[in-house]
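One letter stands for each residue in the lines below.
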Amino acid sequence: MKSPWWMKGVPFACQPNCGKCCDEPGGIVYLTTSDARRISNHLGMEVEEWLERDCRKTLDGRFILESRKSDDVCIYLNDSKQCDIYQVRPQQCAAFPWWSENLSTDRSWNEVKQTCPGLTADDAILVEGDKIRIQIFSDRQATKGFRKWSEPN
Ligand code: SF4
């Protein structure tokens, strides 16, 4: 079977104070149980308390990050266009721009290239195909989400 085009590697370097990928009204960030545990722990909250305060549910019941009422952008994107929880950000955010939906067609990839300056930056370095594959898998896993929180036994 033919390898996908990105297997030969793609140049990328996330740009400081950019935040363009987060600064999109209507964006949906699905969460894994690990995300919920890691982020709530970082904020010094119980998971249930954090889910109640900073998350909501999709129509099919998966937990997603809450958006600001004023502009429908992620609640964690601050005025400096930085993520307030960057060190513990959700799996799906960390996997950007290597989402299946971005890589699936020339058209979608070209749109991402226009949005994300990290893909055309002078300081971009080659991200190997195997690393991209791991991020694609990570995004797919995250998109499955979860609907109910219960502490592991
Ligand atoms: S749009 Fe690209 S360069 Fe900008 S913050 Fe997102 S990943 Fe980084």
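Just so it is clear, the structure is predicted and the values come from calculations on it, not from any experiment. (Residues numbered from 1 in each chain as written. Predicted model: local features only at pLDDT ≥ 70, side-chain atom pairs only at ≥ 80, totals over all residues. Heavy atoms only, no water.)

**Student:** Which residues make up the environment of lysine 20, and what values go with them?
**Tutor:** The residue lysine 20 is located in the loop between β1 (10–12) and α1 (33–42) in this model. Here lysine 20 falls in the partly exposed class, since its relative accessible area comes to 44%. When the C-alpha atoms of lysine 20 and glutamine 141 are compared, they prove to be 23 Å apart, with 121 residues separating the residues in sequence. Apart from residues lying up to four places away in sequence, lysine 20 is in contact with Thr115 and Pro117. (Helix = DSSP H or I, 4+ residues; strand = E, 2+ residues; numbered from the N terminus. Buried < 20%, exposed > 50% of the residue type's maximum accessible area, 1.4 Å probe, protein only. Contact = heavy atoms within 4.5 Å.)

**Student:** Go over the site of the ligand with me, naming the residues and quoting the values.
**Tutor:** Residues in close proximity to the ligand include Phe12, Cys14, Gln15, Cys18, Gly19, Lys20, Cys21, Phe96, Cys116, Pro117 and Gly118, which together make up its full environment. Of the residues that constitute the shell around the ligand, the class distribution is seven nonpolar, three polar and one charged. (Near = heavy atom within 4 Å. Nonpolar A, V, L, I, M, F, W, Y, C, P; charged D, E, K, R; others polar.)

**Student:** Can you tell me about a negative patch on the surface, naming the residues and giving the values?
**Tutor:** Taken together, Glu46, Glu48, Glu49 and Glu151 make up a surface patch of like negative charges. Looking at where glutamate 48 falls in the secondary structure, it is placed in helix α2 (residues 47–54). (Patch = residues over 30% accessible without salt bridge, like charges linked within 9 Å, V, L, I, M, F, W, Y side chains within 5 Å. Areas by Shrake-Rupley, 256 points an atom, 1.4 Å probe, with all protein chains shown as cover. Salt bridge = Lys/Arg side-chain N within 4 Å of Asp/Glu carboxyl O. Lys, Arg positive; Asp, Glu negative; His and termini not counted. Charge placed at Lys NZ, Arg CZ, Asp CG, Glu CD.)

**Student:** Explain the pattern of salt bridges to me, and be specific about the residues and the numbers.
**Tutor:** If you walk through the whole model with that rule in mind, you get nine salt bridges. Aspartate 35 serves as the salt-bridge partner of arginine 38, at 2.6 Å between the closest nitrogen and oxygen. Of this pair, arginine 38 and aspartate 35 both sit in helix α1, three residues apart, roughly one helical turn. One salt bridge in this structure joins arginine 62 and aspartate 60, with 2.9 Å as the shortest N-O distance. Beyond isolated ion pairs, a larger network of salt bridges with shared partners links Arg56, Glu66 and Lys69.

**Student:** Residues and numbers for α2, please.
**Tutor:** Every buried residue of α2 is listed here: Val47, Trp50, Leu51 and Asp54. Buried residues in α2, looked at end-on, bunch into an arc of 100°, giving them a common side. Its buried side turned inward, α2 meets α1, β2 (55–57) and β3 (63–65). (Arc of directions from axis to C-beta.)

**Student:** An account of unusual backbone geometry is requested, with residue identities and associated values reported.
**Tutor:** Between phenylalanine 96 and proline 97 the backbone carries a cis peptide bond, its omega angle lying at 10°. Its location among the elements puts proline 97 in the loop between α3 (91–94) and α4 (100–103). Despite not being glycine, lysine 81 has its phi angle at roughly 60°, a positive value. You can see lysine 81 is positioned in the loop between β3 and α3. Overall, lysine 81 belongs to the partly exposed group, its relative accessible area being 34%.

**Student:** Can you lay out the packing of α1 against α2 for me, pointing to particular residues and giving the numbers?
**Tutor:** It is at 9 Å that the axes of α1 and α2 come closest, and there the two elements cross at 95°. Between α1 and α2, the angle falls in the class roughly perpendicular. Listed contacts from α2 to Ala36, Arg37, Ile39 and Ser40 of α1 are Val47, Trp50 and Leu51. Class assignment for the residues of the contact of α1 with α2 results in five nonpolar, one polar and one charged. (Axes fitted to C-alpha atoms, helices over the stretch in contact; angles between N-to-C directions. Parallel < 35°, antiparallel > 145°, perpendicular 65-115°, else oblique.)

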